[in-house]
Each structure stands twice: as C-alpha cells, then as structure tokens.
Protein chains: 2
Amino acid sequence: MINQPFQFEDWLRTRGLRTESALDALLDGANTHPHRLHQAMRYAAQGGGKRIRPLLVYAAGELGTVGGESLDAALDAAAVAIECIHAYSLVHDDLPCMDDDDLRRGRPTVHKAFDEATALLVGDALQTRAFEVLANANTNANGDVQVRLSMIRSLASASGSRGMAGGQAIDLESVGKKLDLAGLKQMHAMKTGALLSCAVSLGGIAAQLSSTQMQHLATYSEALGLAFQIVDDILDATADSQTLGKTAGKDAANDKPTYVTLMGLDYAQQAANELQEIAIVSLASFGDEARALKALAGLVVKRDK
Amino acid sequence: MINQPFQFEDWLRTRGLRTESALDALLDGANTHPHRLHQAMRYAAQGGGKRIRPLLVYAAGELGTVGGESLDAALDAAAVAIECIHAYSLVHDDLPCMDDDDLRRGRPTVHKAFDEATALLVGDALQTRAFEVLANANTNANGDVQVRLSMIRSLASASGSRGMAGGQAIDLESVGKKLDLAGLKQMHAMKTGALLSCAVSLGGIAAQLSSTQMQHLATYSEALGLAFQIVDDILDATADSQTLGKTAGKDAANDKPTYVTLMGLDYAQQAANELQEIAIVSLASFGDEARALKALAGLVVKRDK
C-alpha cells in the first residue's frame, strides 16, 4: 500500500462530519416529548463549537489494530458522550449564579434563548444522556461490555467532583484570591484538563490499547490539556468577543488569575509551544499512526478561538 | 428452618442502617479535595429523608435466589446511586430558578446553607457520582459487568429527559395551565414514578430475576408510583410544614394542578388505597418472599410525611 501524505484538513472535515452525524443520531429528536426540553438540548449540543474532544476520541481510537463495527459504535458513543458532558458544563457555567454569560458560540446562551429553569434541566439531562449513550452497547460480547463499563468509569471520574465539577468549585472559590501558578495548574487540570484527557482515554479504551500505550496517551493529554488552557487565557486576553463567539476579557474583568497574568503574554505563548512539543514527542512510539493526534496538538496551540 | 413472622420494623431499621452505611462508604469523604463541594454533597445526600428508593432496591433484591458478595455490592451500589440521583434532583429543584425553596428535610436547602453556585455543582456532581458508583464493579466476571451496565441503562433512562428531568420540564410548563387527570398522571409518571420504578428494577436486575418476574415488579411499581404521588398531594394539602420537613401547601399557592384539586380529597385517598391493593396483588407469584415490598406499599400510602 502506498503511504499517502496525511491530509489533516481532510481528516478534520471527515471526523467533524462524523461527530455532527453521531450527535444527530444519538440525541433524542426535537419532536420527542417533552418537545421544548429536547429542542433546548439540541440547541445546546449542536450549536457548533470546535469539537476538540470528539476529534481527540476519534484520533486516539485510530491507534488500535482492532477495527470494525463494534469499535466504530464505541467511538461514536464516546464522541457524543464527551460532547454532551462538555455541553452540559457550558450550559450550567453560563447560568446567572455562575458566570452569568449571554453569549456562547456566537449565539444566545441556553438560559437566554429559553429560560433559566430549562437551562438547568438541559444541563442535567445532557449529563444523563452522556452515560446512557455509553451504556447502550450494541452487542452482548463480553469485550464490548467491559469496554463500555470502563468508558463510563473514565467519564464519571473525569467529570465529577474529583474532576471537572471539582475544578469549577475551586474556580468559584478562587475569585478575588491570589492563586499561585501551582494552584492555577491544579484547578485547570481538574476543570478542563480531566475531560480533555478523558477524550483521549475513551478513544484508547475503545481501541483496546495496552496499558503502556495508555500511559503514553496520558503524557500527551496532560501536556495538551495544559497547553489548551494557556492558549484559552491568551485568547481571552487578546482576542475580541466576535472572534471567540463568547465574551472576551472576562477573566480580567472578574479579577481571576490566569496564565497570562501570572506568566506574562510572551512566556505563556512560549510555554504553550513547548507543551505542544512534549505532547508530540510522547507519541513517538506510535509512529505515523498518531499523526492525527499530533496535528490536533498543533491545532490546539495555534487556534484563534 | 422455622418460618419466623415478618418483623417489618426490624427490616426497615436494618435496611435503613445499611443505606446510611452504604452512602457513607460510597460518597467521597468530606475531607476530599475540594472540601467545600464534598461537604455540601454529603449535606445534600445524608440529610435524612425517607430513603424509600434504597428500601425498594433492597426489598426487590431479596426476591432472587442468587446471593453472595456480588449481589450485596450491586444492591449497595444501586441504593446509593438512586439516592444520589434523588438528592441531586431535590437540590436543583429547590434552586431559585425552579421551586425556590428554603426548607428541605427540616433543614435549610443546599443553596441556603451554602450558595447557589455550589448547589448547582452539588447536584451535577451527585448525578455523576451515581453513575460512577454503579460502574465500579468489583469483579471482572461477565455476569457482574452485564448487571452493572444494565443498571446504568435503567437509571439513565429513568432519570433523563424521557424520565425524571422530562417530567420536571412538563411540570414547569404546567404552572397556571389546566392539566387534566391524564396529563397530570403522565407528568408524575415521568417526574417521580420513573425513578421509583427504577429503584425496584435495579433490585431485580441485581438479583437477576426473569423477565416475567420483572414484569410483575413493573406492575407493582406503576401502582406504587401513582399512589406515592397521590399521597404526596394529599399531604401537601393537609399536613403542616413542620411535619413534612418541607414547605406545605405550595401546590395550591402556585396554582398547580394536583390529584386533590382534580379528584377531591376523599376520592384521592380511596384511589391511593386501591393502588396499594393492586401493588400487593401484582406480587402474588413471589409468595412470602415479597413481604418487604408489600409492606413498603403500605408504608408509602399510610405515611404522614
């Protein structure tokens, strides 16, 4: 077989379409009773976004040697589940009692487009749907069932009180306080890093990678997660709301510590570039198979929104 | 073995203690980082309550013929998971954008004892914990893994947008509207019935009952769920806040339709009694083994809070 050059743009487009198609298939239809709730759930989950987490799921899932329908179904379920968790966290984060944000992905936030009570339920039900999608294994084969249960454990651990939700709680407590760099890292490792790492893990679990391979992926994810947040802080400090599709400059307005305020803009950019290198190097043993994951690390660091 | 008379009070006491002990063991400790979130999660989940759902899990779990550690672990996980889902729904329900309630189980609600943002995260993280507890199977035996995945499917289906959360959404839309009896039944079947039925199902799944047995349990649960809600409406109309441990008379104040307003107090009480009979009769094929479930049906109808 001739080794064709890797066309990352093609890869991004096809996996992006696969994500949208999986979301459309695995979310309840907008005509499911009660209609308004299901419409609002689709509004929250299908409003665009970078889809970084599903892309990480698919990229990691391509590292395995076992393919087939069962893998495809597991990857689609994982992509949808992690995007549902991400979407739920954004909907709840935007509520008046949290960040009180009106704009998300260039559109009114869910509580603005619908109402607060509906936004609360949308977040709740999107979380439930994430676990339901993962639990709906198509076959009774023992391996599949183990994979699904393992994915559920990983997602719950990454998104719960010792992961994403815990990071949110620390973030709440940190407003007005002077977190140092170590405190900031720990908060972000929980608030955003855990779910990004989980995306990579879910792909690896679905592809039934070895524990050594999973460890390499964990090193990649840790660097990627940190780079992601540093770039987020850079963009919050330098880009405008229209480019971001969400309110820019919020951290400074809320007197929140960020990598930019703690490290300075130049050093933050340099750190992001170095983390990209670390992420790529950690994938060395996978060779060419990991090219999508490597390219995604570049995308995370070079993005403009 | 001498067939000893069934002491329901003893059964209630031991299963109640088992519930509290399982919650204590399977929730994160209050000294887990971040502390305040984990303290608030324990405040929400360990503040008493009737523990009807865990009791239903244990009672249904006792109908099986396979016992042992694996069953015990599955029942404890199910009892904690369903109580975490119930507790999360109460915390979110009490928020200002929903029912705006200050009192729950005789104590300040979570957003009053802590703050709104923490209450939001407490509900989110309790839901996650429910699925995490179910996914943490102790063994790799195929049967156990299937049981756990099946329980997760059941819990997600009962609590998500086509179950409990969907019922909440319908409830929101119904304020000031004139729901008829059929509409009221459908709303409550989703809002409270689905999770009560799920409690019974989780016990049955853990005990690996046959599909015929599961169908009998479903008939029982449907009658029980409806009776539960009718009695709730009777108590809301007749009892005081101190006895209930929550604000009484809220439905009338909010002009919400209830079984009492639609059927009248006498007929509502009669319907509850008849449903208790239906629930008990549906368990006939289980014989004496179902005595705890039968007694629980009585408890649901005869309770004073």
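What you are looking at is a predicted structure, and each value in this text was computed from that prediction instead of being measured. (Residues numbered from 1 in each chain as written. Chains lettered and ligands numbered in written order. Predicted model: local features only at pLDDT ≥ 70, side-chain atom pairs only at ≥ 80, totals over all residues. Heavy atoms only, no water.)

1. Observations concerning the overall build of chain A
Looking only at helices and strands, chain A has 15 helices and 2 strands in total. Against the 2.2 N^0.38 benchmark of 19 Å for 305 residues, chain A shows a C-alpha radius of gyration of 19 Å, consistent with a compact globule. Along the three orthogonal principal directions, the C-alpha set of chain A runs to about 55 × 50 × 35 Å. Relative to its full complement of 305 residues, chain A shows a buried share of 57%. Taking the contacts inside chain A whose residues are at least 6 apart along the sequence as the reference set, 74% of them involve residues at least 24 apart. Roughly 12,200 Å² of accessible area belongs to chain A as shown, and the carbon and sulfur atoms make up 51% of that amount. (Helix = DSSP H or I, 4+ residues; strand = E, 2+ residues; numbered from the N terminus. Rg over C-alpha atoms; globule rule 2.2 N^0.38 Å. Buried < 20%, exposed > 50% of the residue type's maximum accessible area, 1.4 Å probe, protein only. Contact = heavy atoms within 4.5 Å. Areas by Shrake-Rupley, 256 points an atom, 1.4 Å probe, with all protein chains shown as cover.)

2. Brief notes about the packing of helix α6 (residues 116–135) of chain A against helix α8 (residues 164–174) of chain B
Across the interface, α6(A) lies against α8(B) with an axial gap of 10 Å and an inter-helix angle of 170°. The angle between the axes of α6(A) and α8(B) places the two elements in the roughly antiparallel class. Residues A117(A), T118(A), L121(A) and A125(A) of α6(A) lie in contact with α8(B), whose contacting residues are A165(B), Q168(B), A169(B) and L172(B). Considering only residue class, the contact of α6(A) with α8(B) consists of 6 nonpolar, 2 polar and no charged. (Axes fitted to C-alpha atoms, helices over the stretch in contact; angles between N-to-C directions. Parallel < 35°, antiparallel > 145°, perpendicular 65-115°, else oblique. Nonpolar A, V, L, I, M, F, W, Y, C, P; charged D, E, K, R; others polar.)

3. Some points on the pattern of salt bridges
Residue and element names in this part refer to chain A. Applying the stated rule across the entire model yields 32 salt bridges over all chains. With a closest N to O distance of 2.7 Å, R51 and E83 form a salt bridge. One end of the pair, R51, is in the loop between α2 (35–45) and α3 (52–61); the other, E83, is in helix α4 (residues 69–93), with 32 residues separating them in the sequence. The class for R51 is buried, based on a relative accessible area of 4%. The network of salt bridges with shared partners includes E20, R51, E83 and R105. (Salt bridge = Lys/Arg side-chain N within 4 Å of Asp/Glu carboxyl O.)

4. A short note on the relation of the copies chain B and chain A
In the superposition of chain B on chain A (RMSD 0.0 Å, axial shift 0.0 Å), the rotation amounts to 180°. Viewed as a symmetry operation, the transformation between the two copies matches a two-fold axis. In this assembly, 100% of the residues forming the interface of chain B have copies in chain A that are likewise at the interface, indicating an isologous arrangement. (Least-squares fit on C-alpha atoms with pLDDT ≥ 70 in both.)

5. Some words on the interface of chain B and chain A
Contact residues are listed per partner, giving 51 residues for chain B and 51 residues for chain A. Across the chain B/chain A interface, buried area totals approximately 4,200 Å², and carbon plus sulfur atoms make up 65% of it. Put simply, chain B and chain A have 4 salt bridges between them. The salt bridge partner of E132(B) is R162(A), with a shortest N-O separation of 2.8 Å. There are 17 residue pairs in polar contact (both at pLDDT 80 or more) connecting chain B and chain A. The greatest single-element share of the side of chain B that touches chain A, amounting to 13 residues, is contributed by helix α6 (residues 116–135) of chain B. Taken together, the residues of the side of chain B that touches chain A break down into 23 nonpolar, 18 polar and 10 charged. (Buried area = accessible area lost by both parts, 1.4 Å probe. Polar contact = N/O pair within 3.5 Å; in protein donor to acceptor, adjacent residues only side chain to side chain.)

6. Looking at the state of the cysteines
With the rule as written, the count across this model stands at 0 disulfides over all chains. In this model C198(A) remains outside any disulfide bridge; the closest cysteine sulfur is found in C84(A), 13 Å from its own. (Disulfide = S-S within 2.5 Å.)

7. Some remarks on the packing of helix α14 (residues 265–281) of chain A against helix α15 (residues 291–302) of chain A
All names here are of chain A. Two elements in contact, α14 and α15, have axes separated by 9 Å at closest approach and are oriented at 170°. Considering their axes alone, α14 and α15 lie roughly antiparallel with respect to each other. Residues Q269, A272, N273, Q276, A279 and I280 of α14 lie in contact with α15, whose contacting residues are K294, A297, G298, V301 and K302. Considering only residue class, the contact of α14 with α15 consists of 5 nonpolar, 4 polar and 2 charged.

8. Remarks on the side chain of S161(B)
Summarising the element assignment, S161(B) is placed in the loop between α7 (142–159) and α8. Accessibility expressed as a relative area gives 4% for S161(B), which makes it buried. At 2.7 Å, the side chain of S161(B) and the side chain of H38(A) are in polar contact.

9. Remarks on a negative patch on the surface
Taken together, the side chains of D100(A), D102(A), E116(A), D100(B), D102(B) and E116(B) make up a negatively charged region of the molecular surface. Looking at the secondary structure, you find D102(B) in the loop between α4 (69–93) and β1 (103–104). (Patch = residues over 30% accessible without salt bridge, like charges linked within 9 Å, V, L, I, M, F, W, Y side chains within 5 Å. Lys, Arg positive; Asp, Glu negative; His and termini not counted. Charge placed at Lys NZ, Arg CZ, Asp CG, Glu CD.)

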